[in-house]
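# Observations on the model geometry
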Amino acid sequence: MTRVRSLVSVVDDDESVRESLPDLLREFGFAARAFSSAEEFLESDCVDQTSCLLLDIVMPGGMSGPDLQRELTLRRQEIPIIFISAHADETVRPRLLERGAVACLFKPFSETDLLGALTTALRG
Amino acid sequence: METSSQSWVRPLFIGAIQDVTESKLAEAAPRESEREWRRIVDSIPGLVATLTPAGEVEGVNNQVLEYCGRTLEELKQWGTSDTVHPEDRPRVIEVITQSMASGDPYEIEERIRRFDGVYRWFQVRGLPLRDSNGRIVRWYDLLTDIDDRKRAEAQLAGEKRLLEMVASSCPLTDVLTALCRFVEVTSADCHCGVYLIDWSGPRFRNGAVPSLPATFNDPTDGLPVRREIGPCGQAALFRQQVIAIDLETDPLWQESAIRPLALAHGIRSHWSTPIYARDGRVLGTFAIFHREPARPTRVQQDLIAQVTHIASIAIERALSEAALDKLRSELAHVTRVMSLGALTASIAHEVNQPLSGIITNASTCLRMLNADPPNVDGARETARRTIRDGNRASEVIARLRALFSKKEFTLESVDLNEATREVTALSLSDLQRNRVMLQFELADDLPAVRGDRVQLQQVILNLLRNASDAMAGVDDRPRQLRIMTELDAANRVRLTVQDVGVGFDPQNVDKLFAPFYTTKIDSMGIGLSISSSIIERHHGRLWAAPNDGPGATFSFSIPRSSEAVPSPPNRDAVRAPAATDAAP
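Cut-off values and rules
What you see as residue numbers is a count from 1 along each chain, following the sequence as written. As they are written, the chains are lettered A onward and the ligands numbered 1 onward, keeping that order. In keeping with the model being predicted, local features are shown solely for residues with a pLDDT of at least 70 and side-chain atom pairs are shown and tallied solely at 80 or more, while totals for entire chains, interfaces and linings include all residues. In computing side-chain values, all of the structure's heavy atoms are included and hydrogens and water are not. Elements are defined by DSSP. Helices are runs of H or I of four residues or more, strands are runs of E of two residues or more, and each kind is numbered from the N terminus. For each residue, the accessible area found with a 1.4 Å probe, counting protein chains only, is set against the maximum for its type, and the residue is called buried under 20%, exposed over 50%, and partly exposed in between. Pairs of residues are marked as contacts when any of their non-hydrogen atoms sit within 4.5 Å. Using the Shrake-Rupley algorithm and a 1.4 Å probe, accessible areas are obtained, with residue cover drawn only from the displayed protein chains. We define buried area as the total accessible area lost by two parts upon association, computed with a 1.4 Å probe and summed across both. Definition used for salt bridges: Asp or Glu carboxyl oxygen within 4 Å of a side-chain nitrogen of Lys or Arg. By the criterion applied in these results, polar contacts are pairs of N or O atoms within 3.5 Å in which, for protein atoms, one can donate a hydrogen and the other can accept it, and in which residues neighboring in sequence qualify only through two side-chain atoms. Ten residues, namely Ala, Val, Leu, Ile, Met, Phe, Trp, Tyr, Cys and Pro, are considered nonpolar, four, namely Asp, Glu, Lys and Arg, are considered charged, and the remaining ones, Gly among them, are considered polar. A pair of aromatic rings is counted whenever rings of Phe, Tyr or Trp (Trp by its six-membered ring) have centres within 6.5 Å, and the orientation is called stacked for planes under 30 degrees apart, edge-to-face for over 60 and tilted otherwise. In this scheme, Lys NZ or Arg CZ marks a charge over a ring once it lies within 6 Å of the ring centre and within 35 degrees of the ring normal. The predictor reports its confidence for every residue as pLDDT, a score running from 0 up to 100. Pairs of strands are assigned from DSSP output, requiring at least two bridges between the strands. Angles shown run from 0 to 180 degrees and are taken between the N-to-C directions of axes, each axis being a line fitted to C-alpha atoms and, for helices, limited to the stretch in contact. Take the buried Ala, Val, Leu, Ile, Met, Phe, Trp, Tyr and Cys residues and link them wherever side-chain atoms come within 4.5 Å; each set so joined is a nonpolar core.

### Some details on the overall build of chain A
- A count of helical and extended segments in chain A gives five helices and five strands.
- Mapped in sequence order, the helices and strands of chain A form the string β-α-β-α-β-α-β-α-β-α.
- Scored against the burial criterion, the 124 residues of chain A give a buried share of 51%.
- Taking all contacts inside chain A whose residues are at least 6 apart in sequence as the whole, residues at least 24 apart take part in 60%.
- By element, 47% of the accessible surface of chain A is carried by carbon and sulfur atoms, the whole surface being about 6000 Å².

Below you can see the structure in the form of structure tokens.
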């Protein structure tokens, strides 16, 4: 039986993140897709396939990361979310975790942290 | 003394000197002896001369002879000799010729040579004497010494011009040069210099020494302020005027440092007068050099007093402007540093993005190389990305360093569009975090301006931040921030920042730009006043208006590069009339 790789979706407006993260995820053994906005992700056909979401917090001009989190909850899409952010704002972390996020990683994060968060996300 | 008996015997000169009128002259007076005539004429305090109807000098009184130090025969040659100043002679001849023809009295101001060669200004009034038939028999000239008045007028005019230069922010060097030239023209045959004092040395610095060559001026620049230097050193230290009448022979100055330099340039006397600030500090010295041993006359002392007073004003003004500039730069620096706190998030964001990319790509690279077989192509690509992100990070640091480094006002050509893009890039994350939506409307062919790039960016940053703060509580509409650049109708480059925030009461518009006015809890309220100051320094204007809808619009406009001249244009140097003591 072919083992279906888990799909990790990356939603981040920063191009270099969309470039580099999927490659690392594939090295981890995941399948990976990148989207430049929450809207783009929602409009794609990956929503049901996504086992874990790596989600930027601040994305200009449209839905933010937390907005997408709320939207997915409304749609009853229980996708584990790992927030990633370049803003060193510690105050947002508790709220996001309260609302069900698996982890909140601040850039730059190590691959160990990332792998740890992914493992936790996919275990549960 | 030669006289023509005929000319002296006939009509008598009667009447008060100040009030000689034609009618009085026309009164036929009783005949008097020639001696009586002479006695009366010689007793008149003024200078009197008589001319034939053709304009030739017929006779003069004693006062004329004593003043000119010449014989009547010599004076008769006035049309061609130097009795009348060569510059004035053509005009005098013309006026007299006209009057001789028309018979109208004349009044001329001219310079007449004194016995010692010095020219003084006289007012010459000529009145015709007619016989009973109305024919002119002779002309009577009354010469009044108005030299003091003319001199005072010229000095006043010169002083006025100099003060205008000071008031119009002319560069200090120009004002001091004009001052020296003013004295050199007014006093003649001298060289002037203004020496400024840098008390941190203390050292002399050449302020302006326009008529002496570099071989004299180069060695004096930077000389220590010590009594051994010479008159200027002593004047500065002892706070009084020091007169060296003869540097060559006076034992007092034998050992002075200035002596060899002065003598080598043909300078014999050196007068130095301190220039005081209002608080009594000595700002510098005003020096007058002569090629002959000389001591100052009363007139020259008055001139020195007048000139050192103006020099004092000019130097103090220049010093306070320099201090103000320095303060502005420091304040701008302070606001930049203070806003460091507010920009921490931006800095973190800007640097964290590329850092994150580096770590992610490097991790990927290692894994690819550890694979079996190694994914060398993939590793190569991640390595390339790593380098690219590394460069991104150092660019950010460099930009930030430039923004926060303390610099003096530097002039360069600035493209406001580029400056705007750079500043918004730096604050992008901050703005995004506040959910501000940026809308750029930057004119395509925006002309450059001349100014300090970093200070202008400081202003733009200030406006952006204020706009963002103003929209902090806005939830019912998109937090739109428009940035526009254009060449406005007055041919000035204009930048506008428009928000949809809380706006302001139009009545408070003046207060907005005043220091320490703020509506924000954590703000000192100096951003706009400093921005205003910066724009003014660029010869521009910063203003604000509430929008028709919600929010406010802030704009500044600056002259475009071809027009802007950040330091004021030079006025022409002072040109005083040639009221000289000696023939040129």
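On we go.
### Some remarks on the interface of chain B and chain A
- At the interface, 21 residues of chain B touch 22 residues of chain A.
- When the two sides are added together, the surface that chain B and chain A hide from each other amounts to roughly 2100 Å², 54% of it contributed by carbon and sulfur.
- Where chain B touches chain A, the interface holds five salt bridges.
- Note that Arg392 of chain B is salt-bridged to Asp14 of chain A, the shortest N-O span being 3.6 Å.
- Our enumeration of links across chain B and chain A arrives at 10 residue pairs in polar contact (both at pLDDT 80 or more).
- At the level of elements, helix H12 (298-370), helix H13 (376-404) and helix H14 (416-433) of chain B are the ones that each hand at least two residues to the side of chain B that touches chain A.
- Ranked by the residues each element gives to the side of chain B that touches chain A, the list is headed by H12 of chain B, at 14 residues.
- Here the side of chain B that touches chain A is built from residues that sort into four nonpolar, 11 polar and six charged.

### A short note on the packing of aromatic side chains
Residues and elements named next belong to chain B.
- A complete count under the given rule lists six aromatic pairs over all chains for this structure.
- Ring plane angle 80° and centroid distance 6.5 Å describe the contact between Tyr195 and Phe204, whose orientation is recorded as edge-to-face. For the pair formed by Tyr195 and Phe204, the shared burial category is buried.
- When the ring centre of Phe115 is taken as origin, the NZ or CZ atom of Arg114, which lies over that ring, is 5.9 Å away.
- The ring centre of Trp543 lies 4.1 Å from the NZ or CZ of Arg541, which sits over that ring.

### Details of the confidence of the model for chain B
Residue and element names in this part refer to chain B.
- For chain B, the average pLDDT comes to 83, and 83% of its residues sit at 70 or higher.
- Low pLDDT (under 50) marks residues 1-19, which in the prediction has 44 contacts with non-local residues, meaning those over four places away or in another chain.
- Here residues 564-584 scores under 50 on pLDDT; set against residues more than four positions off or in separate chains, the count is 48 contacts.

### Considering helix H10 (residues 231-238) of chain B
Residues and elements named next belong to chain B.
- In terms of residue burial, H10 counts as a mostly covered element, since six of its eight residues are buried.
- Considered for burial, the residues of H10 that qualify are Pro231, Cys232, Gly233, Gln234, Ala235 and Ala236.
- Where H10 is buried, its residues meet strand E6 (191-198), strand E7 (203-208), strand E8 (242-244), helix H11 (258-264), strand E9 (269-276) and strand E10 (282-290).
- Immediately downstream of H10, the backbone of Arg239 shows phi near 55°, a positive value.

### Topic: the sheet that holds strand E1 (residues 7-11) of chain A
Residue and element names in this part refer to chain A.
- Spatial ordering of the open sheet is given by E2-E1-E3-E4-E5, a layout of five strands whose pairing is parallel. Each having just a single partner strand, strand E2 (31-35) and strand E5 (103-106) make up the two edges of the open sheet. Between one strand axis and the next, the sheet turns through 20° on average, direction left out of account.
- As defined by bridge partners, E1 adjoins strand E3 (residues 50-56) across five bridges and the pair is classed as parallel. Residue Val10 lies in a different strand from E3, and its bridge partner there is Leu54.

### Here's the deal with the nonpolar core
Residues and elements named next belong to chain B.
- Counting 38 residues, the largest nonpolar core has Leu463, Leu481, Phe554 and Phe556 as its most contacted members.
- Counting residues per element, the ones that place at least two in this core are H14, strand E12 (436-442), helix H15 (453-470), strand E14 (479-487), strand E15 (492-498), helix H17 (527-537), strand E16 (541-546) and strand E17 (552-559).
- With seven residues, H15 is the largest single contributor of residues to this core.
- Setting aside chain neighbours within four positions, we find Phe554 in contact with Leu463, Leu495, Thr496, Val497, Phe504, Leu512, Phe513, Leu528, Trp543 and Ala544.
- Formed by 31 residues, the second largest nonpolar core is a distinct cluster that contains Ala178, Leu179, Ala277 and Ala314.

### Quick look at the pattern of salt bridges
- A full pass over the atoms with the stated rule returns 44 salt bridges over all chains.
- For Arg70 of chain A, the salt bridge is made with Asp67 of chain A, and the minimal N-O distance between the two is 2.5 Å. With Arg70 of chain A and Asp67 of chain A both in helix H3 (residues 65-74), this residue pair falls three residues apart, about one helical turn.
- In this structure, Glu316 of chain B and Arg278 of chain B form a salt bridge, with 3.3 Å as the shortest nitrogen-oxygen distance. Placement of Glu316 of chain B in helix H12 and of Arg278 of chain B in the loop between E9 and E10 is noted, with a sequence separation of 38 residues between them.
- Residue Glu316 of chain B is classed as buried on the basis of its relative accessible area, which comes to 16%.
- The exposure class of Arg278 of chain B is exposed, given its relative accessible area of 78%.
- Put simply, Asp14, Glu19, Asp23 and Arg26 of chain A together with Glu381, Arg384, Arg385, Arg388, Asp389 and Arg392 of chain B are held in one network by salt bridges that share partners.

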